[in-house]
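Read off the chains here:
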Amino acid sequence: MEQILKDFILALRSSGARISVPETIDAMNTVKLTGYHDREVFKDSLSAVLAKSLHEKEIFEECFYRFFSFDTFSETTGDFPENLAPDIMEENSLLSQMILSGDLGGLASSIREAAREVRITGMQFFTQKGLYIHRILRHMGLNGLNQDIKRLFHKNTLSSRQMAEKLEKGKDYLFENVKDFVEQQFALYSPSATENLIEDYLKSIKLSNLEQRDFYRMHSIIQKMVKRLNDIHSRRRKTSKRGHLDFRKTLRNNISYQGILFDIHWKKKKVDRPDIVAICDVSRSVETVARFLLLFLYSLNKSLARIRTFIFCSNLIEVTHIFDEYPVGEALVKLQSGIGLGIVLGPTDYGQALRDFDENWSPLITNKTTIIILGDARNNYGDPQTGILKSMHERSKRLIWLNPEPRSFWGTGDSEMKKYLPCCHLARECNTVHHLERVVDSLLSLES
Amino acid sequence: MNLLHDKKFASIENVRQGLKNAEYICSKKIATTVYLAYHLEKPILVEGPAGVGKTELAKTAATFLGAPLIRMQCYEGLDESKALYEWKYGKQLLYTQMLKDKLNDVLKGAKGLSASIDKLHQYNDIFFSRSFLEPRPLLKALQQKDGAVLLIDEIDKSDHEFEAFLLEILSDFQVSIPEIDTIHAETRPFVFLTSNNTRELSEALKRRCLHLFIPLPAPELEREIIRIRVPGISEKLRIQLVSFIQQLRELDLKKIPSISETIDWARVMLLLHADKLSSDLISETLHIILKFEGDIKVAEEHLYDMTRKAIKEAAI
């Protein structure tokens, strides 16, 4: 049982659940406590010990059913060649004997044994499937089987021919089953390596080329990134919280007690949290990128307390509450469709957006605020209202502009980027996760 | 801990029954986790939507064990002086003032400054002794001779530092107070941590805990909960209520009603002497289960259909 449990944990790990050694030990103890005769209890207790978040619980459920439902050879017995009289089989190899006598259990355990021998848990890429199928078959004695078939055909008697045909059929059947088995094993053990490859690839690919199906993977990449950066910087930000004894205040407060110090006061250092205003263009020209920028803002919103988020197209609205109330998928759909939010998805109007912001939310900006603007600055030849941006720039601590277009495109056609540039403390091209990572890093390190 | 309650924790079914006797209806999953937590001596981290009974589970566990419940509510800025212990500075200072006159007696016979200081040093430890120690929830829980249930509520609201500080206590159940000594738990407390997932908790903390996710209840379970928690409500109304609430949860609402709201609603129905649902009755009492004006509007649109379905379900 212990080996099975270890294999199961290995499968969980490769599906993306993080399981440490102490947790493995806990799992062993758990099984000792509850046993495994009651499948439901067995599952629930392992889940409590091994899966430590809702996401991991989902992985766990899926893995559990896949892992504990292996019944090789059990479902397709119908196609298996009928049994033959065992008396003429001595010359045949072990594998042929098993096929001829219809020993399904023996074949199943033989597959498993061969799989272990060829170290199937090391399989990482789907291209290796064929290789492993072949290795397993060879290990089970495919050569012997082939020779048997050849020899029996050669003998050319009625019974030998019959036997050879059965063996041929059995071989096909065996091949199918080994293939199934390898597929299952691949599903269990391999995704992590492929996953890492995809992650690396996704990080460097242009955001506009990403597909909807990469969305959740992207979400977790961005989440990881924001969390890591936030961890690094929050440590520095929060070093001293409860300060020293505030002697003056303590004395002053205790004068009424004849100088007996009843009431102690500490010098407290206020935690300096980043104060961020994010403004994101969601118009058609940046549509594909906007999804990921919003994703990024969403993750940032979850890990930094004070961030106000706005989106704009023809006008500008605040959407902070959407981030707070809805899970990520729903929030982004809501933001991009704009239904019920009061946003007009007409031609992009940076001038109007800036005016809206200035009229309604201008007091948000203090000398502690960092403003992040995400957009391509393509204004359809409207009034860019550079003046407003300039005053925002002057009142804020920092104004950062992230533009999904390459720098060489800035200022071409209806792009007003060149005009906005002097009002930015920092303007960066930003269209891959690597770019985002760099920006977040500089953002957070500047905050402290 | 093990010696005290072995009988109560003899089997998962025992745990379930025990919690049920204390008016907490739980799924087998919850009972399994509580059972494991006791035998593996591990804290339980409980997650799930607001109002599904995370805190209630800890409270009930206390009743079940017959142990005191020590609750620590977490919030941003919570630090160890508020969670663990603090010195009673005021008392220390007051005593110093009062004992000023005694100083002459103490120092009698000492010549010179250094001799006086030496003499004073002999009394040094008095002011940092247990009588000046103010235990806060965590220390209190460790000091309970017959064990306690420690509820660390909404751990996700606290800061990272506090979480890190908890790690030591949760794995070793001991605290060192530099001026006195290390205090070990006489009996390990039964620990529950709850979280609403406003932020991701650290891996290290999760590793030390068993993890339990309580989802919104299935209809049968919810009916059973109402039966136990609001006795006196008619069978028919109970089925209708639960059916209506379950349908509400499928709507696009800002805040989905949870068990606590269902219980409140059932109690209100009891007060109103209602024995079956009707559209009027629902629209009058909708504000009890829904907390946003917008949500009430959304629900009112579907009110007729949902009521009809609920009534039909109870008739079967």
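These figures come from a predicted structure and were not determined experimentally. (Residues numbered from 1 in each chain as written. Chains lettered and ligands numbered in written order. Predicted model: local features only at pLDDT ≥ 70, side-chain atom pairs only at ≥ 80, totals over all residues. Heavy atoms only, no water.)

Novice: Would you mind going over the confidence of the model for chain A with me for this structure?
Specialist: Low-pLDDT stretches of the model should not have their predicted coordinates read in fine detail. Chain-level pLDDT for chain A is 78 on average; 81% of the residues reach the 70-or-more range. Of the regions scoring below 50 in pLDDT, residues 74-79 of chain A engages in five contacts with residues more than four places distant in sequence or in other chains. (pLDDT = per-residue confidence, 0-100. Contact = heavy atoms within 4.5 Å.)

Novice: Help me understand the interface of chain A and chain B in this model?
Specialist: Quite often, the size of an interface is put as the accessible area lost when its parts meet. On the chain B side, the residues contacting the 38 residues of chain A number 35 residues. Between chain A and chain B lies a buried interface of about 3100 Å² when both sides are counted; carbon and sulfur atoms form 58% of it. At the boundary of chain A and chain B, one finds three salt bridges. The tally of links from chain A across to chain B stands at seven residue pairs in polar contact (both at pLDDT 80 or more). Elements supplying a minimum of two residues to the side of chain A that touches chain B: helix H2 (21-34), helix H3 (39-50), helix H4 (54-67), helix H11 (215-237) and helix H15 (328-337) of chain A. Of the residues contributing to the side of chain A that touches chain B, the split by class is 13 nonpolar, seven polar and 18 charged. (Buried area = accessible area lost by both parts, 1.4 Å probe. Salt bridge = Lys/Arg side-chain N within 4 Å of Asp/Glu carboxyl O. Polar contact = N/O pair within 3.5 Å; in protein donor to acceptor, adjacent residues only side chain to side chain. Helix = DSSP H or I, 4+ residues; strand = E, 2+ residues; numbered from the N terminus. Nonpolar A, V, L, I, M, F, W, Y, C, P; charged D, E, K, R; others polar.)

Novice: What is the right way to read the layout of surface pockets from this model?
Specialist: Left-over empty space is what a probe sized like a water molecule reveals as it rolls over the atoms. All names here are of chain B. In this model, the second largest pocket occupies a volume close to 700 Å³. If you trace the second largest pocket, you find 33 residues lining it, with Gly51, Val52, Gly53, Lys54 and Ile259 closest to the centre. Mapped onto the lining of the second largest pocket, the elements with two or more residues apiece are helix H3 (28-40), helix H4 (54-65), helix H12 (219-229) and helix H14 (259-271). Classifying every residue of the lining of the second largest pocket gives 16 nonpolar, seven polar and ten charged. (1 Å grid on protein atoms, 1.4 Å probe; cavity = no way out; pocket = protein on both sides within 12 Å on 5 of 7 lines; lining within 4 Å. Points joined across faces, edges and corners; volume = space filled by probe spheres on them.)

Novice: I'm lost on the side chain of Asn254(A) in this one. Help?
Specialist: Position of Asn254(A) among the secondary structure elements: in the loop between helix H12 (247-253) and strand S2 (266-268). Once residues lying within four places of it in the same chain are set aside, the contact partners of Asn254(A) are Gly259(A), Ile260(A), Leu261(A), Phe262(A) and Asp263(A).

Novice: How do you make sense of the packing of aromatic side chains when you look at a structure like this?
Specialist: The description of an aromatic ring pair rests on the distance of the ring centres and on the angle between the ring planes. Residues and elements named next belong to chain A. Scanning the entire structure with this criterion turns up 20 aromatic pairs over all chains. Arranged with centres 5.7 Å apart and planes meeting at 75 degrees, the rings of Phe8 and Phe60 form a pair that is edge-to-face. Taken together, the positions of Phe8 in helix H1 (residues 2-14) and Phe60 in helix H4 put the pair 52 residues apart, joining distant regions of the chain. The burial state of Phe8 is the same as that of Phe60; both residues are buried. When the ring of Trp401 is compared with that of Tyr420, the centres are 5.0 Å apart and the planes differ by 20 degrees; the resulting orientation is stacked. With Trp401 in strand S7 (residues 398-403) and Tyr420 in helix H18 (residues 417-420), the pair connects residues that are 19 residues apart, well separated along the chain. The pair Trp401 / Tyr420 is uniform in exposure class, with both members buried. Counting every residue linked through ring pairs, the aromatic cluster contains Phe8, Phe42, Phe60, Phe64 and Tyr65. (Phe/Tyr/Trp six-rings, centres within 6.5 Å; stacked < 30°, edge-to-face > 60°. Buried < 20%, exposed > 50% of the residue type's maximum accessible area, 1.4 Å probe, protein only.)

Novice: When you look at a positive patch on the surface in this model, what are you seeing that I'm missing?
Specialist: Residue and element names in this part refer to chain A. Taken together, the side chains of Arg248, Lys249, Arg252 and Lys267 make up a positively charged region of the molecular surface. Looking at which element gives the most residues to the positive patch, the answer is H12, with three residues. With respect to the helices, strands and loops of the structure, Lys267 is situated in strand S2. (Patch = residues over 30% accessible without salt bridge, like charges linked within 9 Å, V, L, I, M, F, W, Y side chains within 5 Å. Areas by Shrake-Rupley, 256 points an atom, 1.4 Å probe, with all protein chains shown as cover. Lys, Arg positive; Asp, Glu negative; His and termini not counted. Charge placed at Lys NZ, Arg CZ, Asp CG, Glu CD.)

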